[in-house]
Every structure is written in C-alpha cells, then in structure tokens.
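# Structural description and commentary
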Amino acid sequence: MKELSAEANTHRAYVGPMAEYDVGAAHQFHLLTTVLGLREYHNLLEIGCGSLRAGRLLITWLMPDRYCGLEPNRWLIEAGLDKEIGRDLVARRRPVFRHDDDFGLQRFGRRFDYVIAQSIFSHTSLAQMRACLLEARAVLAPQGVFAASFVEGEDDYTGDRWVYPESVAFTLTTVTRVAGAAGLACTPIDWGNQNGQRWVVFHHPEHRPDVDLDDESARRAAVAVARERAASYRRVGVSPADYARLIERLAAIADHPAVQRAMADDPALRAAVHGPDAE
C-alpha cells in the first residue's frame, strides 16, 4: 500500500508525526473512554483539536451536539472536516468549533463533563497555561475531568510566547501549583508517555475522579501503545534516525515495571519496543 506524502497530508503532518496519527487518536480515545469514563451522552471539549486526529473518532462516537473543538488554525479544522470526517457526518453530529487563540473556553456557552488538551501545555507559556486553567475551571462540570499532557522537565519554561513546533517543559510541581491557583486540583495518571509527555487530570478539589490504573491495565495500555507505534513506523518506512527517536520516546513506557515483566515473557514485545536485535 502506497503511503500519501507529507505534502498531500499537510493537515496530518502539522500536528505531529504522520506515522502516529492513527495511534495518537486511539491513545486519547482509549484514555477518555476506558480510563476516565467518557460516554456518548457526555459533553466534551477538545482544546487544540487541530485537524481532528482524535476528533474524527470522538465526533463519530458522541451523540449530536456533544463535541466542541477549539483550534486557532481554521484551515486545520476545515481540512479535517473535508479529508477525515466528511461534511455529511458533520451535518448529522453537529460539532461546534471556535478559532480563538486566547483560551476563551467560556465562549462556548456550556459546561463540559470532559475536557482534553493533548500536547497543548507542551507549547504554552505559564501565563497561557494559567489562562487556560482559569477558563477550564469556569466551564468544567462539578464532577468533570480535564485530561492534559505536558513535557515534564527539571526546570520551567520562562518565556512569554507560544512555541511551535518545538516543545517547552514544566515541572509537575509548577503545573500543580498553577492549577491550584486557578482553583483546580491536579492528579497525575499513569497513561503511557506519548511523545515523552506526562498525563495529568485537573478537577474540582471536592471531586477526585477514579483514575488509578491497576497494574494489569497499565501493562495492557503500555504494551498496546508500544506495539502499535513501532508497527506504524515500520509500515511507513521511516528513516533509521526517525525510528531511533521513536525508540527513545518509548523508553518511558518500556521502563514501566509492568512492561518490563511483560517483555521478559514476550520476545515479540521486546523486539517491538527495542528492535529485533534486543537481548
């Protein structure tokens, strides 16, 4: 099967590695539905919905009028609607989109049971993160959850601008502090480590969601991500250098104790994570 070029799939390439477009969508959909309890009747907001990588699954699955997407780049959404979803489905599901660049979440005029922001805080300044969390507190339902990923580092990004496509990092302590100042609690969750990022769930302090993964669930999730990501990269025939970077990003998953035990008993998994020459 011939793969489409990056030029033909600009809307996909803009939001991350093309080889991970499908896996990235599944990663978010699985987190929301299996771990956090999203159901078809809930209201969901996706911050930074881009070309609808995850949106194409969520819009299809949710009941009409339940999906909202925030994306400043209007062309990305238009490309996603035309090339990933189709206008007929849009007419049936009636998703709502806004193109603001200031995290004005209250402009949607509704409360959300679920909010997700995959790899948004990996590009924001602290001021932008603070603005987003303040808005999120205002629109999050009393028992709502806001799942977000960020690059965890030893120091905090101190700039005052959005950085893209490069990433910025923050400490978990800082993210927790900024959330607290916005009136939200921050609970880290063990959900793999897609592209080297840490997942957390923000929620109202009086409601702590049940987001603890047992050992077996963590193992299954990490194994699935490792297998599929490695297979995706082989399928599109990326360069050895790109594949090496993939393996580096998989390191955090591979280091999970449950995955270590699984690899000890499964040579195929060990090869998928570390390459065919893994000992």
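This text gives an overview of the structure that appears in the document. All of these numbers come straight from a predicted model, not from anything done at the bench.

For helix 6 (residues 126-139), built from 14 residues, the straight-helix expectation of 20 Å at 1.5 Å per residue is met to within 8% by its first-to-last C-alpha distance of 20 Å. Among the residues making up helix 6, those that are buried are L126, M129, C132, L133, E135, A136 and V139. Contacts from the buried residues of helix 6 go to strand 1 (44-47), strand 4 (112-117), strand 5 (140-152), strand 6 (169-170), helix 7 (172-181) and strand 8 (198-203).

What follows concerns the pattern of salt bridges. The full count for this structure, using the stated rule, is 8 salt bridges. Residues R87 and D82 are paired through a salt bridge, measuring 2.8 Å at the closest nitrogen-oxygen approach. Ionic pairing is found between R107 and D100, a salt bridge with its closest N-O pair at 3.4 Å. The buried category is assigned to D100, whose relative accessible area is 17%. Members of the salt-bridge network, linked through shared partners, are R98, D100, D102 and R107.

We now examine the packing of aromatic side chains. Scanning the model with the defined rule gives 7 aromatic pairs in all. Ring geometry for F29 versus W61: centroids 5.4 Å apart, planes at 80°, classification edge-to-face. With F29 in helix 2 (residues 21-35) and W61 in helix 3 (residues 55-61), this pair connects stretches of sequence that are 32 residues apart. We classify F29 as partly exposed; its relative accessible area is 21%. Exposure remark for W61: the relative accessible area of 30% places this residue in the partly exposed category. Between the aromatic rings of F146 and F202, the centroid separation amounts to 5.3 Å while the plane-to-plane angle is 55°, which identifies the pairing as tilted. Here the residue F146 occupies a position in strand 5, and F202 occupies one in strand 8, the gap between them amounting to 56 residues. Taken as a pair, F146 and F202 share a single burial class, namely buried.

Parameters at a glance
- Residues numbered from 1 in each chain as written.
- Predicted model: local features only at pLDDT ≥ 70, side-chain atom pairs only at ≥ 80, totals over all residues.
- Heavy atoms only, no water.
- Helix = DSSP H or I, 4+ residues; strand = E, 2+ residues; numbered from the N terminus.
- Expected span 1.5 Å × (residues − 1).
- Buried < 20%, exposed > 50% of the residue type's maximum accessible area, 1.4 Å probe, protein only.
- Contact = heavy atoms within 4.5 Å.
- Salt bridge = Lys/Arg side-chain N within 4 Å of Asp/Glu carboxyl O.
- Phe/Tyr/Trp six-rings, centres within 6.5 Å; stacked < 30°, edge-to-face > 60°.

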